[in-house]
Amino acid sequence: MLTHAHLDHVGALPVVIRRFPKLAIYCTEATARIATLVLGDTLKVTTMQGQLLFSADEMKSTLERLRPVPYFTWVSDHGFAFTLFPSGHLLGAASVLIESGSRAVFHTGDVSNSVWAGSSRRVSPPLGVRWPLYGTQTSTGPSLSALT
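Everything numeric in this text was worked out from a predicted model, so none of it was measured.

(A) Broad picture of the pattern of salt bridges. Across all of its chains, the model carries 3 salt bridges by this definition. Notably, a salt bridge pairs R18 with E58, separated by 2.6 Å at the nearest N-O pair. Within this pair, whereas R18 is found in helix α2 (residues 13-19), its partner E58 is found in helix α4 (residues 56-64), the two being separated by 40 residues in sequence. Note on R18: relative accessible area 45%, which makes it partly exposed. Taking the shortest distance from any N to any O, the salt bridge between R33 and E29 comes out at 3.0 Å. One end of the pair, R33, and the other, E29, are both in helix α3 (residues 29-48), 4 residues apart, so they sit about a helical turn from each other. Its relative accessible area of 59% is what places R33 among the exposed residues.

Here it is in structure tokens:
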């Protein structure tokens, strides 16, 4: 799951795809479009600096793995389900609700604002909420029911 297309989230995706070539990368349409630009710029800059992280072919393979999903669409293709919600962090940014059986986790990516209007999804506890911070820090935020 790609929550948004800032460089620190997409810059090494071709390296990941090099290791896991069949991996699907779910994201919003806007994130897929921005990721295309960011990876193109990364390839250009690293080539000019002589510190190539990935090749043009690896970038192309990565972009072919992007799977755009609209907000509020329930996807259940992998033995678990997820739903993307707008996060307000960047155009196309998403938080993701991941559900498996009776368990659920809400992951924010990087978030500056949560937008819940338009969602008919309601989740019962237990629910983990992950609020990533910079570096290796994480913090537990309020329950999802407090946000809706």
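(B) How the structure looks around the side chain of S95. Its location among the elements puts S95 in strand β5 (residues 94-100). Residue class for S95 comes out buried when judged on its relative accessible area of 1%. Beyond its immediate chain neighbours, meaning those up to four positions away, S95 contacts T83, L84, F85, S87, F106, H107 and T108.

(C) Layout of the pairing of strand β6 (residues 103-107). Relative to β6, β5 runs antiparallel, the two being bridged by 5 bridges. Looking at β6, one finds that I98 is bridged to V105. Here β5 hands over to β6 after 2 residues, with G101 in that stretch at a positive phi of 60°.

(D) Representation of α3. Here α3 spans 29 Å end to end across 20 residues, near enough to the 28 Å set by a 1.5 Å rise per residue. Looking at α3, one finds that the buried residues are T31, A32, A35, V38, L39, T42, L43 and T46. Taken end-on, α3 shows its buried residues confined to a sector of 140°, consistent with a single buried face. Along α3, the residues that are exposed and aim more than 90 degrees away from the buried face are R33, L37, K44 and M48.

(E) Structural detail: the layout of surface pockets. The computed volume of the largest pocket comes to approximately 160 Å³. Lining the largest pocket, in full, are M1, L2, T3, H9, L13, V16, L23, A24 and I25. Across the lining of the largest pocket, the residue classes tally to 7 nonpolar, 2 polar and no charged.

(F) Inspection of the side chain of T42 at higher detail. Following the sequence through the fold, T42 ends up in helix α3. In this structure, T42 is in contact with L7, G11, L53 and F54, ignoring residues within four places of it in sequence.

(G) Here's a closer look at the nonpolar core. Counting 11 residues, the largest nonpolar core consists of L2, A5, V10, L13, I17, I25, C27, A32, A35, V38 and L66. Sorting the residues of this core by element identifies α2, β1 (25-27) and α3 as the ones contributing at least two each. A total of 3 residues in this core trace back to one element, the largest contributor, which is α3. In this structure V10 touches L2, H4, A5, A35, V38 and L39, once residues within four positions along its chain are discounted. Residues V75, F82, L84 and V96 belong to the second largest nonpolar core, which totals 7 residues.

Calculation rules
- Residues numbered from 1 in each chain as written.
- Predicted model: local features only at pLDDT ≥ 70, side-chain atom pairs only at ≥ 80, totals over all residues.
- Heavy atoms only, no water.
- Salt bridge = Lys/Arg side-chain N within 4 Å of Asp/Glu carboxyl O.
- Helix = DSSP H or I, 4+ residues; strand = E, 2+ residues; numbered from the N terminus.
- Buried < 20%, exposed > 50% of the residue type's maximum accessible area, 1.4 Å probe, protein only.
- Contact = heavy atoms within 4.5 Å.
- Pairing = 2+ DSSP bridges.
- Expected span 1.5 Å × (residues − 1).
- Arc of directions from axis to C-beta.
- 1 Å grid on protein atoms, 1.4 Å probe; cavity = no way out; pocket = protein on both sides within 12 Å on 5 of 7 lines; lining within 4 Å.
- Points joined across faces, edges and corners; volume = space filled by probe spheres on them.
- Nonpolar A, V, L, I, M, F, W, Y, C, P; charged D, E, K, R; others polar.
- Core = buried A, V, L, I, M, F, W, Y, C linked by side-chain atoms within 4.5 Å.

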